[in-house]
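# Structural overview for review
Below are the chains, spelled out letter by letter.
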Amino acid sequence: MRRVPPPEPRRRRRHRVLVAVPLALTAPLLAAGPSGWPGGEPAHAAPLPAARPAAADITVAQDGSGDHTTVQAAIDAVPAGNDAPVTIDVAPGTYRELVHIPADKPHIRLTGTGDGPEDVTIVYDNSAGTAKPGGGTYGTSGSATFMADADDFQARNLTFANDFDEIAHADQSGHQAVALRTRGDRILLENVVAEGDQDTLLLDSAAKGVVGRILVTDSTIRGNVDFIFGRASAVITDSVIEVTRRPDGSSSGYVTAPSTAAGTPGFLITDSVITGDVSDRTYYLGRPWHAGGDAALDPQTVVRDTELSAAVRQTPWTDMSGFPWEEDRFAEYHNTGPGAGPESADRPHLTDAEAAAYERADWFGDWTP
C-alpha cells in the first residue's frame, strides 16, 4: 500500500479530496480521543462491565416454537458484558417492534433463517418528529427501528425497515426515519436489506472521535434523502444502493451524508451498483453533513469501481447547510455506467496512485471481518 503523510491541518481550499490516511500513520483523532489504529484498540465511550459467560444460542419465532416471540426479548436474554459470540436465529415473519442492543452487550450475531433477507423483517414507523410517550420527540437518531450500540455486532439475511408514512404526517416536522442505527466498532452487515425514505441507514460511532468500523456487503440499501449517513468508517461493497422516489412521486435526493471526523476514513462505496426507478440526473452521490454545525469535521465519501445508473447527476456532489462540498473529501475512481462521467472541476477523480490508499484494508486496519 502506498504510504503518504497524515493530512495537513484543515484549511479552506477547493477540491481537498486527496486525503489518504494510511491507518498505521494516523495521528490521534482528538486531544482526548483515541489514537489511530492498528497501533491500539479503538476507544469506547465508556469501559464495558466485567465479562460474563456467553448466553446459549437463542431462537426467535412468532408462533412460540422458539425461545422467544420477539427480537427484543432475545436481546434482553443476553447477559451484559458477554465476552463470546451469541447467535440469535430469527424465524421468518414480520416483527413490528423497536429493538435496542445496548453498548454492554457485544458479540451478538443476528441471523434470519428464511431463504432470503425479505423473509425476516424488523420494522417500525417512528420518525424524528414522532411524539414520545414521555414527552418530546424521538429525533433522527432515536427514530431508528433497530439500534445496535454494541461492538462486534453482526447481522445476516434479514431486513431492517422504517415504514413511516410521510404523506399521512405531512403537517409534522421531522420526517427523518431511520431503519438501522449502528454505534459500535467492528460491525458486519451481510446480505441484509435496509429500507426507508429519508435517513434510512445511520452508520455512526459511540461518540465524536471514537472509531466505528463497519463492513456492509452483499446487501441492499434503499432510500431517497441522505439515506446513508453518519460518522463511521464504513465500507459498502458488492451491494445495491437503490434510490427511490419521494413519497409524493417526485424524483430528487442524496445518497450519502457523511459526518466524518478529521483524520479518519469516512464512507467507501466500491464494487457496487447505484440504481433506481427514478428520473434521470436527479440524485447526488453525496453532500457534507457537518453535524451540529461543526466546521472541524471533514466529511468523506469515495465511490469507486461502481456502476452508476442515469439517476446520478453529472455534477454528483453538492453543498449542505452552508458547507461547500469542495472543502471536504469527495471523489470517484473507475466508475462505469450512464451516470459516470469524466473528471472535471465539479467531479474530482482519484489518480491510480491515489486510489491505492482507498482500499478496504486502509479502512479497517487490524480488523479482518
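Structure shown above.
Residues numbered from 1 in each chain as written. Predicted model: local features only at pLDDT ≥ 70, side-chain atom pairs only at ≥ 80, totals over all residues. Heavy atoms only, no water.

Right, let's talk about the overall build of the protein chain for a bit. A tally of helices and strands in the protein chain yields four helices and 25 strands. Looking at the protein chain residue by residue over its 369 residues, the buried ones come to 55%. In the protein chain, 74% of the contacts between residues at least 6 apart in sequence involve partners at least 24 apart. For the protein chain, the accessible surface area stands at approximately 14,200 Å², while carbon and sulfur atoms represent 50% of it. (Helix = DSSP H or I, 4+ residues; strand = E, 2+ residues; numbered from the N terminus. Buried < 20%, exposed > 50% of the residue type's maximum accessible area, 1.4 Å probe, protein only. Contact = heavy atoms within 4.5 Å. Areas by Shrake-Rupley, 256 points an atom, 1.4 Å probe, with all protein chains shown as cover.)

Moving on, we get to the nonpolar core. By size, the foremost hydrophobic cluster in this structure holds 55 residues, and its most contacted members are V71, I88, L110, F146, F153 and F160. Of all hydrophobic cores here, the second largest spans 14 residues; its members include L215, L268, L350 and W367. (Core = buried A, V, L, I, M, F, W, Y, C linked by side-chain atoms within 4.5 Å.)

Once that is clear, we can look at the side chain of S251. Its location among the elements puts S251 in the loop between β18 (240-243) and β19 (253-258). At a separation of 3.0 Å, a polar atom in the side chain of S251 contacts the main-chain amide nitrogen of S279. Of note is the side chain of S251, whose polar atom sits 3.0 Å from the side chain of T282. When neighbours within four sequence positions are excluded, S251 is seen to be in contact with R245, V278, S279, T282 and Y283. (Polar contact = N/O pair within 3.5 Å; in protein donor to acceptor, adjacent residues only side chain to side chain.)

Our next topic: the packing of aromatic side chains. Within the structure shown, the criterion is met by seven aromatic pairs. Relative to F330, the ring of W317 has its centre 5.0 Å away and its plane inclined at 45 degrees; by these criteria the two rings are tilted. Of the two residues, W317 sits in the loop between β24 (307-308) and β25 (329-333) while F330 sits in strand β25, which places them 13 residues apart along the sequence. Both residues of the pair, W317 and F330, belong to the buried class. (Phe/Tyr/Trp six-rings, centres within 6.5 Å; stacked < 30°, edge-to-face > 60°.)

This part takes up unusual backbone geometry. A positive phi angle, near 60 degrees, is found at N157, a position not held by glycine. Position of N157 among the secondary structure elements: in the loop between β8 (154-156) and β9 (159-162). One non-glycine residue, R281, adopts positive backbone phi at about 60 degrees.

Moving on, we get to the environment of T200. With respect to the helices and strands, the residue T200 is situated in the loop between β12 (193-195) and β13 (201-203). Taking the C-alpha atoms as reference, T200 lies 8.3 Å from F229; in sequence the two are 29 residues apart. Ignoring anything within four residues of it in the chain, the contact list for T200 reads A177, V178, A179, L180, A194, E195, R222, G223 and F227.

For the rest of this paragraph, the subject is the environment of I75. Following the sequence through the fold, I75 ends up in helix α1 (residues 71-76). Residue I75 is classed as buried on the basis of its relative accessible area, which comes to 0%. It is 9.1 Å that separates the C-alpha atoms of I75 and I58, two residues lying 17 residues apart in sequence. Apart from residues lying up to four places away in sequence, I75 is in contact with I88, V99, H100, I101, P102, K105 and I108.

Right, let's get into the sheet that holds β12. The strand order β3-β6-β9-β12-β15-β18-β21-β24 describes an open sheet built from eight strands, whose pairing is parallel. Every interior strand has two partners, whereas the edge strands, β3 (93-96) and β24, have only one. Two strands pair when backbone bridges link them, and β18 and strand β21 (residues 273-275) are joined in this way by three bridges, in the parallel orientation. From the neighbouring strand, V240 faces β21, where its bridge partner is V273. (Pairing = 2+ DSSP bridges.)

Before going further, it helps to examine the sheet that holds strand β22 (residues 283-286). One open sheet accounts for seven strands, arranged β4-β7-β10-β13-β16-β19-β22; its pairing is parallel. Only two strands of the sheet have a single neighbouring strand rather than two, namely β4 (99-101) and β22. Strand-to-strand, the axes of this sheet are offset by a mean angle of 10 degrees, without reference to chain direction. Taken together, the three bridges between β19 and β22 define a ladder with parallel strand orientation. Among the inter-strand pairings, G253 is bridged to a residue of β22, identified as Y283. (Axes fitted to C-alpha atoms, helices over the stretch in contact; angles between N-to-C directions.)

Between side chains of opposite charge, pairing is possible as soon as their charged atoms come close. According to the stated counting rule, one finds 16 salt bridges in the structure shown. Residue R231 pairs with D204 through a salt bridge whose shortest N-O separation is 3.2 Å. With R231 in the loop between β16 (225-230) and β17 (233-237) and D204 in the loop between β13 and β14 (213-217), this pair connects stretches of sequence that are 27 residues apart. Owing to a relative accessible area of 9%, D204 belongs among the buried residues under this scheme. As a salt-bridge pair, E359 and R304 come within 3.6 Å of each other at their nearest N and O atoms. Of this pair, E359 sits in the loop between α3 (352-355) and α4 (360-364) while R304 sits in strand β23 (residues 300-304), and the two are 55 residues apart along the sequence. Beyond isolated ion pairs, a larger network of salt bridges with shared partners links D152, D185, R186, R213 and D366. (Salt bridge = Lys/Arg side-chain N within 4 Å of Asp/Glu carboxyl O.)

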